[in-house]
Amino acid sequence: MFTAASGTGKSTHTRMWRQHFGGRAVMVNDDKPILRIKDDGIYVCGTPWCGKHGLQTNVEVPVQGICILRRGEENMIRKISAIDGYPDLYKQTYRPGEKDKMLKTLSMIKQMAERLPLYEMHCTISEEAAVMAWERMKP
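Residues numbered from 1 in each chain as written. Predicted model: local features only at pLDDT ≥ 70, side-chain atom pairs only at ≥ 80, totals over all residues. Heavy atoms only, no water.

### Details of the pattern of salt bridges
Here is the rule we go by: Salt bridges are defined as contacts in which a side-chain nitrogen from Lys or Arg sits within 4 Å of a carboxyl oxygen from Asp or Glu. The numbering of helices and of strands both runs from the N terminus, where a helix is a DSSP run of H or I of at least 4 residues and a strand a run of E of at least 2. Working definition: with a 1.4 Å probe on protein chains only, accessible area under 20% of the residue-type maximum means buried, over 50% means exposed, and in between means partly exposed.
Within this structure, the stated rule accounts for 7 salt bridges. With its nearest N and O atoms 2.7 Å apart, the salt bridge here joins Arg 36 to Glu 60. Separated by 24 residues along the polypeptide, Arg 36 in strand S2 (residues 34–38) and Glu 60 in strand S4 (residues 60–62) bring together distant segments of the chain. Under the relative-accessibility criterion, Glu 60 is labelled partly exposed at 33%. Two residues, Arg 70 and Asp 88, come together in a salt bridge whose shortest N-O distance is 2.8 Å. Of this pair, Arg 70 sits in strand S5 (residues 66–71) while Asp 88 sits in helix H2 (residues 82–91), and the two are 18 residues apart along the sequence. In this structure Arg 70 comes out as partly exposed when scored by relative accessible area, which is 26%. Residue classification places Asp 88 among the buried residues on the basis of a relative accessible area of 14%. Salt bridges sharing partners connect three or more residues here, namely Arg 70, Arg 78, Asp 88 and Glu 120.

Okay, here's the thing in structure tokens:
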């Protein structure tokens, strides 16, 4: 799963995945997926709120890791700690106004950061970036 601030290039990067990997790269949701935490893992689900590109699939699949995407002059990816990834996960998560719901949201972010491999990736707009990401993050 990729996350980043608006305008960073998530849609562009995932387009490179679909171009390079064809049908093996399925877009679950291009804008607002739902995450479910279960005993056996964390899952991402497609939703009808899929942004300006209209890319979504009505599926629920296990999340294998989260990659925080950044623009770069060259392609580079590295594994990061839960502490390093938490601020970016927080920024990209819906934050409810009610205190009890916010506490649940913070708990969910913490669980994701602790249970999933986290990566930080600086990349160019190229298929080489998609291949590098796959090679470095594949289970």
